[in-house]
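# Topology and contacts: notes
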Amino acid sequence: MLNYLWGGMILVAIVVAVFTGNMPALTNAAIESARDAIALCITMLGIMSMWTGLLTIAERAGLIKNLAKKSRPLLRYLFPELGRNHPAHEPIATNFIANILGLGWAATPSGLAAMKELQKDNPEKETATRSMRMFMVINMSSLQLVTISVVAYRMQYGSANPSEIIGPGLVVTMATTVVAVAFCKVLEKIKV
């Protein structure tokens, strides 16, 4: 569906450019946009590589495992049906840490690993468990201390102060996460 939407917008732009005599401007805009897209991809690749590498180093050094152990009280509150040493705790903690650092792309593998572990305990394979739903809701609310990708975009496009987004981003993502967790906890009480 999205392919048709983008294809239609491109087709409309070309038709409008032809009838208004702006074909050279459209061509220049397309070339400039392609150049900007490549530059942005290179910038994001560097930032993504650095933070993913740091996360891998932290994981190999045992920092992630240590943080997962320290976050067990929180994980037990959020996921009460998981056992004390459930194998999903570490990938869930890794996913949360990556998301808190604003590394959504680095959070994906640990999120998939967490869901795989949660699915092993699922008696109804076609329906998500409470833990799976809570995990997805927290992921979608995306608590972030540092919005790395947004700062990188702002740097790429010449913002005078690219990091000024961190404070408002933290407040908004914290609010959405608190509301998301409260919503899930209320639904758990209602047993929907």
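Residues numbered from 1 in each chain as written. Predicted model: local features only at pLDDT ≥ 70, side-chain atom pairs only at ≥ 80, totals over all residues. Heavy atoms only, no water.

### Things to note about the confidence of the model for the protein chain
A low pLDDT score tells you not to read the predicted coordinates there in detail. Overall, the predicted model of the protein chain reaches an average pLDDT of 85, with 99% of residues at or above 70. Within the protein chain, no element has a lower average pLDDT than helix H8 (residues 148-156), which sits at 78, and none a higher one than helix H1 (residues 2-20), at 90. (pLDDT = per-residue confidence, 0-100. Helix = DSSP H or I, 4+ residues; strand = E, 2+ residues; numbered from the N terminus.)

### Some thoughts on the environment of alanine 114
Examined against the element boundaries, alanine 114 turns out to sit in helix H6 (residues 104-120). On the accessibility criterion, alanine 114 (0% relative accessible area) is buried. In sequence terms alanine 114 and threonine 52 are 62 residues apart; their C-alpha atoms lie 18 Å from each other. When residues no more than four places from it in sequence are discounted, the contact partners of alanine 114 are Ala88, Pro91, Ile92 and Phe135. (Buried < 20%, exposed > 50% of the residue type's maximum accessible area, 1.4 Å probe, protein only. Contact = heavy atoms within 4.5 Å.)

### Considering the layout of surface pockets
Of the pockets and cavities examined, the largest pocket occupies roughly 370 Å³. Residue lining of the largest pocket: 20 residues in total, with Leu74, Phe96, Ile100, Ile138 and Leu143 positioned closest to the centre. Ranked by residue count, the leading element in the lining of the largest pocket is helix H5 (residues 89-100), at six residues. Residues that form the lining of the largest pocket fall into these classes: 14 nonpolar, six polar and no charged. (1 Å grid on protein atoms, 1.4 Å probe; cavity = no way out; pocket = protein on both sides within 12 Å on 5 of 7 lines; lining within 4 Å. Points joined across faces, edges and corners; volume = space filled by probe spheres on them. Nonpolar A, V, L, I, M, F, W, Y, C, P; charged D, E, K, R; others polar.)

### Focus on the packing of aromatic side chains
Under the definition given, this model contains two aromatic pairs. Consider the rings of phenylalanine 96 and phenylalanine 135, whose centres lie 6.0 Å apart with planes at 25 degrees: the pair is stacked. Pair noted here: phenylalanine 96 is in helix H5 and phenylalanine 135 is in helix H7 (residues 130-141), with a separation of 39 residues, a long-range link. Each member of the aromatic cluster is reached from another via a ring pair, and the members are Phe79, Phe96 and Phe135. The ring of tyrosine 77 is capped by lysine 185, whose NZ or CZ atom sits 4.4 Å from the centre of that ring. (Phe/Tyr/Trp six-rings, centres within 6.5 Å; stacked < 30°, edge-to-face > 60°. Lys NZ or Arg CZ within 6 Å of the ring centre and 35° of its normal.)

### A word on the side chain of glutamate 188
Within the secondary structure layout, glutamate 188 lies in helix H9 (residues 166-190). Residues contacting glutamate 188, with those up to four places away along its chain left out, are Arg130 and Met134.

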